[in-house]
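Tertiary structure, described
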Amino acid sequence: MTPTLVSQDDIRTAFSEAMSTMYRQEVPQYATLLELVADINRRTLIADTDLAERLAAGSETERLGVERHGAIRVGTAEELATLKRVFALMGMFPVGYYDLSQAGVPVHSTAFRPVDEAALARNPFRVFTSLLRLELIEDDDLRRQAASILAQRDIFTPGAWELIALGERQGGLDRDQAERFVAEILETFRWHQDATVDHDTYQALHDAHRLIADVVCFRGPHINHLTPRTLDIDAAQAAMPDYGIAPKAVIEGPPPRRCPILLRQTSFKALEESVRFAELAEGRHTARFGEIEQRGVALTPEGRERYDTLLAHARELPKAPDNATHQRQLGEVFASLPDDYDTLRREGLAYFRYAVTERGRERLAAQESHPRDVDSLIDQGWIAATPITYEDFLPVSAAGIFQSNLGDTQHQAYASESNRSAFELALGRPVLDEFALYAELETDSLDRVRQQLGL
Ligand code: OOG
Ligand code: NI
């Protein structure tokens, strides 16, 4: 008998819920953060009806409450390649390549996430996944030692291995298997108090880079944060102290705008954990933190180039003493980037989803004649363009988040080349191109419009 398979969307949703429940227990401030974000989102949706309409038009109202991203760091190609198989069973695929070594963090990364429209609308759960670049450890002995420690661990349970293979064989999982799969995979992301090494080894790796100790010394890649999406990150940053949370100094990413672009993020140090080393000595380790983000419209390659150039300008300015000054300075630098959706669209700087309006459908039913080009159709209210939400990450922001949670010690950029092909070799497949995915969403929506209007 062939089993009835549950959808990947259901497995992803169950998994993100299970993660959220686990993280709530592991990191109590996460629960507080969720409360804060829910409060602010509720208030923002009431106060900003345009935003509420835009979210509804993009099918995003429903997903808002479940929306999260997590982050993990793995040590070997095999771990990364197996995670690819795990995430594929949940309908999540590697999108984008991020090189953090330029910011002094010895990893490179991708984001596993759903890619098609229906899956994104259902639950856009993403996991920022970093692979340690062992070759960036300078000391030969330490590098070899790290590699041999990593070679001895298996971050997946025997049950997980079985279910991955079974899922691939069957082309999915039935309800019971999916439930077990979620439970087994959760184990990979759980915090383990017992380090796999003694304190001296931990210290040596820690001295090379804190992140190396975090990846190498534990049984698995504990989830290090789980990030809800806020609709007003400025309000969230300001409210954090009232909730007993001390945010990082500045919000990363673009300045506040009428039309938010890409991604803005802030974080806080959540936890100092006690660790038991191999010789049973007690120690402390900080790995886990809290983060919130606000998402805006996805930019086209042209728009993104403008963003990157402006951000580089802003980074040449003297470091601002506080977030308000930082945001004001950024705002001045970004003044040249259009801040209304119509101009962003007409100038090809951002991606939009097109749809026939309700009024358009009525007029179509009444067989009124309509113009044939997109701009006139929009001007005359036949169709509407809604911004497509950015679903990915920003390397400069990610580096800022890494650094602030690593204790604000600035690390020198590693001199090495970014190495996308080595990453893809480890992953066992190329990463998907984020721009191509957004362009496809836009084109598909235009095709539907053209079909409905008989163009
Ligand atoms: C990941 C940091 C990057 C983000 O939101 O940009 C990230 C990490 O610390 O492992 O999660
Ligand atoms: Ni994050």
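Up top is the structure these notes are about.
Report follows, based on the coordinates. (Residues numbered from 1 in each chain as written. Chains lettered and ligands numbered in written order. Predicted model: local features only at pLDDT ≥ 70, side-chain atom pairs only at ≥ 80, totals over all residues. Heavy atoms only, no water.)

**Observations concerning the environment of Leu55**
Note that Leu55 resides in helix 3 (residues 49–57). In this structure the C-alpha to C-alpha distance between Leu55 and Ile388, which are 333 residues apart in sequence, comes to 9.9 Å. Those residues in contact with Leu55 that sit more than four places away from it in its chain are Leu45, Glu60, Thr61, Arg229 and Leu231. (Helix = DSSP H or I, 4+ residues; strand = E, 2+ residues; numbered from the N terminus. Contact = heavy atoms within 4.5 Å.)

**A closer look at the coordination of the nickel ion (ligand 2)**
In ideal tetrahedral geometry, four donors around a metal make angles of 109.5 degrees, whereas ideal octahedral geometry with six donors gives angles of 90 or 180 degrees. Here the nickel ion (ligand 2) is held by His69 (NE2), His225 (NE2) and Glu291 (OE), and the distances to it run 2.1 to 2.2 Å. For His225, a relative accessible area of 5% gives the class buried. (Donors = N, O, S within 2.8 Å, 3.2 Å for Na, K, Ca; no water. Buried < 20%, exposed > 50% of the residue type's maximum accessible area, 1.4 Å probe, protein only.)

**Points about the packing of aromatic side chains**
Within the structure shown, the criterion is met by 16 aromatic pairs. Arranged with centres 6.4 Å apart and planes meeting at 40°, the rings of Phe87 and Phe189 form a pair that is tilted. Of this pair, Phe87 sits in helix 5 (residues 77–88) while Phe189 sits in helix 9 (residues 175–189), and the two are 102 residues apart along the sequence. Judged by relative accessible area, which is 0%, Phe87 ranks as buried. Cluster of aromatic residues (ring-pair linked, three or more members): Phe15, Phe87, Phe112, Phe125 and Phe189. Cation over ring: Arg295 sits above Phe393, and NZ or CZ is 5.5 Å from the ring centre. (Phe/Tyr/Trp six-rings, centres within 6.5 Å; stacked < 30°, edge-to-face > 60°. Lys NZ or Arg CZ within 6 Å of the ring centre and 35° of its normal.)

**A closer look at unusual backbone geometry**
Positive phi, normally seen in glycine, also occurs at Leu262, with a value near 50°. Tracing the backbone through its elements, the reader meets Leu262 in the loop between helix 12 (233–239) and strand 6 (263–269). Residue classification places Leu262 among the buried positions, given a relative accessible area of 1%. Positive phi is not limited to glycine here, since Leu280 has a value of about 75°. If you trace the backbone, Leu280 turns up in the loop between strand 7 (273–276) and strand 8 (282–285). Among the residues examined, Leu280 registers a relative accessible area of 62% and is labelled exposed.

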